[in-house]
Amino acid sequence: MKLKNIMLMVVMLGSFAFAKAQLSTFNTATKELFQARVMNGKVDYAAIKKDSKTLNTALNALMNIDLASLNANERKALFINAYNVFTIKGIVDAYPTASVMDINNFFDAKNYELGKKKVSLNELEKEMLFKEFSDARLHFVLVCGAVSCPPLQEKPFTAENVEFLLKKQTKAAINNPAIVKLDMHEKKAIVSKIFDWYNADFTKKQTLTAYINTYRENAIPDGFKVEYMDYDWSLNGK
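Quick summary incoming for the structure in this document. (Residues numbered from 1 in each chain as written. Predicted model: local features only at pLDDT ≥ 70, side-chain atom pairs only at ≥ 80, totals over all residues. Heavy atoms only, no water.)

1. Brief notes about the overall build of the protein chain
Logical step 1: A tally of helices and strands in the protein chain yields nine helices and seven strands.
Logical step 2: The principal-axis extents of the C-alpha atoms in the protein chain amount to approximately 75 × 45 × 30 Å.
Logical step 3: By sequence separation, contacts in the protein chain at least 24 residues apart represent 72% of the contacts at least 6 residues apart.
Logical step 4: Approximately 12,500 Å² of the protein chain is accessible, and the part contributed by carbon and sulfur atoms is 52%. (Helix = DSSP H or I, 4+ residues; strand = E, 2+ residues; numbered from the N terminus. Contact = heavy atoms within 4.5 Å. Areas by Shrake-Rupley, 256 points an atom, 1.4 Å probe, with all protein chains shown as cover.)

Okay, structure coming up:
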């Protein structure tokens, strides 16, 4: 083998190892952050602002990650975790605040670095995550910092658990009366505004009611009409 080819292989292996190291650092820091500062879906933003070392470790790793070196499950898990970590970062930078809606251009400002690229929350969600993974269950794991969001879990996603946790958290959300509740007297299902905003994602192959009933323990009966809850944008702070 020519020396040039050997050198190229060494560089490629070194880059691959560095990318995997950054992913490992990010996953470890995210796990530590969530387990220390998230409880019952509530985030202790005040404590994170006071001591942001773990958050900054996660952010620095995200900045240096080579996305092209990751497999599909690694990217899917990374994008979910990155969205939730970036949301925390955006809130902490503006804290104290009563709502993300009080933070100027919260979802569209390109304030975050992912693999040397500046991204916004909406860009990460729509142009990266959903563009590659058209999976409606993602709406139950991306936490936008509001009370009406599905609750942030203390366990972050990994390549190994991403499919299991997507199924588990979707089922938990759809059986949570804060997301879906039935009025048996009025014969209606009152569901999260998420189902209205992203209706097309849930109804590609079936009706909205059929999608919800895939995960419901107590199915929405035939003939029930669907109404949408008001969305509470109050901060999901501890």
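2. What about the packing of helix H4 (residues 72–94) against helix H6 (residues 162–174)?
Logical step 1: Relative to each other, H4 and H6 sit at 45°, their axes nearing to 10 Å. Compared by their axis directions, H4 and H6 come out oblique. Contact residues: H4 offers Asn73, Lys76, Ala77 and Ile80, while H6 offers Val162, Glu163 and Leu166.
Logical step 2: Split by residue class, the contact of H4 with H6 holds four nonpolar, one polar and two charged. (Axes fitted to C-alpha atoms, helices over the stretch in contact; angles between N-to-C directions. Parallel < 35°, antiparallel > 145°, perpendicular 65-115°, else oblique. Nonpolar A, V, L, I, M, F, W, Y, C, P; charged D, E, K, R; others polar.)

3. Looking at the packing of aromatic side chains
Logical step 1: Applying the stated criterion across every chain, the model contains twelve aromatic pairs.
Logical step 2: Each ring, one from Phe86 and one from Tyr112, has its centre 4.8 Å from the other, and the planes form 20°; the classification is stacked. Placement of the pair is Phe86 in helix H4 and Tyr112 in strand S3 (residues 112–114), with a sequence separation of 26 residues.
Logical step 3: Taking the relative accessible area as the measure of exposure, Phe86 reaches 1% and is therefore buried.
Logical step 4: When the ring of Phe106 is compared with that of Phe107, the centres are 5.0 Å apart and the planes differ by 90°; the resulting orientation is edge-to-face. (Phe/Tyr/Trp six-rings, centres within 6.5 Å; stacked < 30°, edge-to-face > 60°. Buried < 20%, exposed > 50% of the residue type's maximum accessible area, 1.4 Å probe, protein only.)

4. A look at H6
Logical step 1: Between its first and last C-alpha atoms H6 spans 18 Å; for 13 residues at 1.5 Å apiece the expected length is 18 Å, and the two agree.
Logical step 2: Within H6, the full set of buried residues consists of Val162, Leu165, Leu166, Gln169, Thr170, Ala173 and Ile174. For H6, the angular spread of buried residues about the axis comes to 150°, placing them on one side. Those residues of H6 that are exposed and aimed more than 90 degrees away from the buried face are Phe164, Lys167 and Lys168.
Logical step 3: In this fold, the buried residues of H6 make contact with H4, strand S5 (180–183), helix H7 (194–197) and helix H9 (208–213). (Expected span 1.5 Å × (residues − 1). Arc of directions from axis to C-beta.)

5. Concerning the nonpolar core
Logical step 1: In terms of nonpolar packing, the biggest core is built from 72 residues, with Leu78, Ile80, Phe86, Ile88, Leu114 and Phe195 touching the most fellow members.
Logical step 2: Per-element tally for this core: the top contributor is H4, with eleven residues. (Core = buried A, V, L, I, M, F, W, Y, C linked by side-chain atoms within 4.5 Å.)

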